[in-house]
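Understanding the architecture of this molecule
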Amino acid sequence: VRTNRLPNGGMVRTFTDITERKTSEEAIRRAATHDPLTGLANRTLFQARLEEALANAEASRSGVGLLLLDLDDFKTINDRFGHAIGDEVLVRFAAILSRTLGPEDVAARLGGEEFCLLVHATTAAAVHALAENIRLEFSGTDPLPGDFGPPTVSAGIAIASPRPETFDELLRAADELLYRAKDAGRNRVHGPELRLVA
């Protein structure tokens, strides 16, 4: 609403509908912080939320769980069935992650077939159980064409201790455990590993 006062004491008031502009601005803001395919947070937003959670955990002496998840044989899926099927698998997995979220948790697609889940103030056993539930639900989805079977996922888990941690430290710890899961045969969860107080 704009109001222009006239010299004779009157006024002219103009009403403009800015719904389209606001919708466009919101779309631009969302594109900067979310993955366009899955709708999950992107790496930038996930890192910001994780760093905030780590700072709060230090103040409250509570824990933060990080699940790093990687879809098994995803390159083979893309090569054999094409990117349309590959995208469908990514969206299917993102939907499972979204259903598992607590009110303060954050799921993100970091890139390619790699996903992250931030879990607030929970025990190591609870984080591991959550990862197993995700793995089992995903491996129980519809099989891919031919004899490929259902897609699977491997996960590595790290738990931040109540001391100063960084995004890179926690991600590196989870990444090491993820690759142990891959080396052990895939479709499994390794961790959580407690980052001990120095």
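Scroll up a little and you will see the structure.
What comes next concerns the included structure. (Residues numbered from 1 in each chain as written. Predicted model: local features only at pLDDT ≥ 70, side-chain atom pairs only at ≥ 80, totals over all residues. Heavy atoms only, no water.)

Comments concerning the packing of helix α4 (residues 83-100) against helix α5 (residues 124-139)
The cut-off we apply is this: For every element, the axis is a line fit to its C-alpha atoms; helices are fit only across the contacting stretch, and the angle between N-to-C directions ranges from 0 to 180 degrees. Put simply, DSSP marks the helices as runs of H or I at least four residues long and the strands as runs of E at least two long, and each gets a number from the N terminus on. Crossings are sorted by hand: turned counterclockwise from the far helix by less than a right angle, the near helix makes the crossing left-handed, and turned clockwise it makes it right-handed. Note on definitions: a residue-residue contact is assigned when non-hydrogen atoms from the two residues lie within 4.5 Å. Residue type decides the class: Asp, Glu, Lys and Arg count as charged, Ala, Val, Leu, Ile, Met, Phe, Trp, Tyr, Cys and Pro as nonpolar, and the leftover types, Gly among them, as polar.
Between α4 and α5, whose axes approach to 10 Å, the crossing angle comes to 145°. Like other packed secondary-structure pairs, α4 and α5 cross with a definite hand, here right-handed. Where α4 abuts α5, its residues Val89, Arg92, Phe93, Ile96, Leu97, Arg99 and Thr100 lie against Leu130, Ile134, Glu137 and Phe138. A class-by-class count of the residues in the contact of α4 with α5 yields seven nonpolar, one polar and three charged.

Regarding the side chain of Thr141
For the record, the criterion: Here a polar contact is taken to be a pair of N or O atoms separated by no more than 3.5 Å, where protein atoms must pair a possible hydrogen donor with a possible acceptor and residues adjacent in sequence count only if both atoms sit in side chains.
Within the secondary structure, Thr141 is located in the loop between α5 and β6 (153-160). Among the polar contacts made by the side chain of Thr141, one reaches the main-chain carbonyl oxygen of Phe138 at a distance of 2.7 Å. Here Thr141 is in contact with Arg92, Ile96, Pro150 and Pro151, once residues within four sequence places are set aside.

A closer look at α5
The condition that has to hold: Between the first and last residue of a helix there are one fewer steps than residues, each counted as 1.5 Å, and that sum is the expected span. Think of it in three bands: with a 1.4 Å probe and only protein chains considered, a residue is buried below 20% of the maximum accessible area for its type, exposed above 50%, and partly exposed in between. Relevant arc is that of directions from the helix axis to the C-beta atoms, nothing else.
In this model α5 runs 23 Å from its N-terminal to its C-terminal C-alpha over 16 residues, within 8% of the 22 Å that 1.5 Å per residue would give. For α5, the full list of buried residues reads Val127, Leu130, Ala131, Ile134, Arg135 and Phe138. The buried residues of α5 all sit within an arc of 135° when viewed along its axis, so they share a single face.

Regarding the pairing of strand β1 (residues 2-5)
In plain terms, the rule: DSSP bridges decide pairing: two strands pair if at least two such bridges lie between them.
Looking at chain direction, β1 and strand β2 (residues 11-14) are connected through four bridges and run antiparallel. Paired with Arg2 across the two strands is Thr14, which belongs to β2. Hairpin connection from β1 to β2: five residues lie between these consecutive antiparallel strands, with Gly9 at a positive phi of about 95°.

Considerations on the environment of Lys75
Note that Lys75 resides in helix α3 (residues 74-81). By relative accessible area, which is 59% here, Lys75 ends up exposed. For the pair Lys75 and Gly86, spaced 11 residues apart in sequence, the C-alpha to C-alpha distance is 8.6 Å.

Concerning α4
Across its 18 residues, α4 extends 26 Å between first and last C-alpha, which sits within 8% of the 26 Å expected from 1.5 Å per residue. Among all positions of α4, only Gly86, Val89, Leu90, Arg92, Phe93, Ala94, Ile96 and Leu97 are buried. For α4, the secondary structure elements touched by its buried residues are β3 (64-71), α3, β4 (106-111), β5 (114-120), α5 and β6.

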